[in-house]
Structure formats: C-alpha cells, structure tokens
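Geometric and topological summary
If you want the building blocks of each chain, they are given just below.
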Amino acid sequence: MSTTFERLSAILARDYKLTPEQLSLDAPLEGLGIDSLGTMELLWTVEETFGITMPPDPVALLTLGDVVRYIDDLVAAQAAQAADAVPGPASAPTLGTP
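This section reports on the structure supplied with the text.

About the criteria used
The residue numbering used here restarts from 1 in each chain and proceeds along that chain's sequence as written. pLDDT decides what is reported in this predicted model: residues at 70 or higher carry local features, side-chain atom pairs at 80 or more are listed and counted, and totals for whole chains, interfaces and linings draw on all residues regardless. Hydrogens and water are ignored here; the side-chain numbers use all heavy atoms of the structure. A run of H or I in DSSP becomes a helix once it reaches four residues, and a run of E becomes a strand once it reaches two; helices and strands are each numbered from the N terminus. Expected span of a helix: the number of residues minus one, times 1.5 Å. Buried means the residue's accessible area, taken with a 1.4 Å probe over protein chains only, is under 20% of the maximum for its type, while exposed means over 50%, and partly exposed covers the values in between. Our arc is simply the arc of the directions from the helix axis toward the C-beta atoms. Residue contacts are counted whenever heavy atoms from the two residues lie within 4.5 Å of one another. Only centres within 6.5 Å qualify two rings of Phe, Tyr or Trp (six-membered ring in Trp) as a pair; their planes then separate them into stacked at under 30 degrees, edge-to-face at over 60, and tilted for everything else. Over a ring means this: the NZ of a Lys or the CZ of an Arg is within 6 Å of the ring centre and within 35 degrees of the ring normal. What makes a salt bridge here is a side-chain nitrogen of Lys or Arg within 4 Å of a carboxyl oxygen of Asp or Glu, nothing more.

A separate point is helix 1 (residues 4-16). In a regular helix each residue adds 1.5 Å, so 13 residues correspond to 18 Å; helix 1 covers 17 Å between its end C-alpha atoms and thus fits that length. Every buried residue belonging to helix 1 is among Thr 4, Leu 8, Ser 9, Ile 11 and Leu 12, and all of these are buried. The buried residues of helix 1 occupy an angular sector of 160° when projected down its axis, which confines them to one face. In this structure, the buried side of helix 1 is in contact with helix 2 (36-50) and helix 3 (64-85). Once helix 1 finishes, Lys 17 follows within two positions and takes phi at roughly 55°, a positive value.

On to the packing of aromatic side chains, then. Enumeration over the complete set of coordinates arrives at zero aromatic pairs. Across the ring face of Phe 50, the terminal group of Arg 7 is positioned such that the distance to the ring centre comes to 4.1 Å.

In a regular helix each residue adds 1.5 Å, so 22 residues correspond to 32 Å; helix 3 covers 31 Å between its end C-alpha atoms and thus fits that length. Within the span of helix 3, buried status applies to Leu 64, Gly 65, Val 67, Val 68, Tyr 70, Ile 71 and Leu 74. Structurally, helix 3 contributes buried residues whose contacts are with helix 1 and helix 2.

A positive phi is found at Lys 17, a non-glycine position, where the angle reads about 55°. Within the secondary structure, Lys 17 is located in the loop between helix 1 and helix 2.

The next point concerns the pattern of salt bridges. Throughout the structure, instances matching the rule amount to two salt bridges. For Arg 14, the salt bridge identified is with Asp 15, shortest N-O distance 2.7 Å. The class for Arg 14 is partly exposed, based on a relative accessible area of 47%. The exposure class assigned to Asp 15 is partly exposed, which follows from its relative accessible area of 37%. Across the pair Arg 69 and Asp 66 runs a salt bridge whose closest N-O atoms are separated by 3.0 Å. Highlighted residues: Arg 69 and Asp 66, both in helix 3, separated by three residues, approximately one helical turn.

Any functional reading would require information beyond the geometric quantities listed.
Listed below in structure tokens is the structure:
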C-alpha cells in the first residue's frame, strides 16, 4: 500500500512534470511552481484520487508536508463519519405472547 506522500508525488509528477528529486515533505508549493490556483486544482485531483470531499473553507497549505497532513486528516475524519453513519446490525424482532 502506498503512502499519502507517494500518491501525492505521483500526481505531482504526472500533472506538474516534477521529478522525485524535487519532492520532499518540506518542499514549498510555490517553489515547485504551484500557486494558489494550482493548489486548488491539485486539491480537486486529490478529491478524486483519495475519494474524499474537500471542505469549502480555505486552508493554508505551504509545503507538501502540509498537503499530506491535510489529506490524512480529511481521510481519517471522513472515514470516521462514514463509520458513524453506518447503522449497526438490526436486532431481530422479539416473538412472544402479548
């Protein structure tokens, strides 16, 4: 199973033509040529790739590490929400005399 950083790196290599040598957790997005519009586009791709929904509120993401932590937090929160929304096993009706 690949890590969030590995999956994000694959997106960046494909969509932004970045090399693995350019990618590290402390790499600033702007230093990689990803401006605020590019960050929004990246997050749309992340939504599809990771099967998550981005909240509408803007968030400050300055480095690849920030993006990785943000994705991991969203994946965990949305998985917990989904688990809470799944009903438990239905109890069998009780048979008996009134």
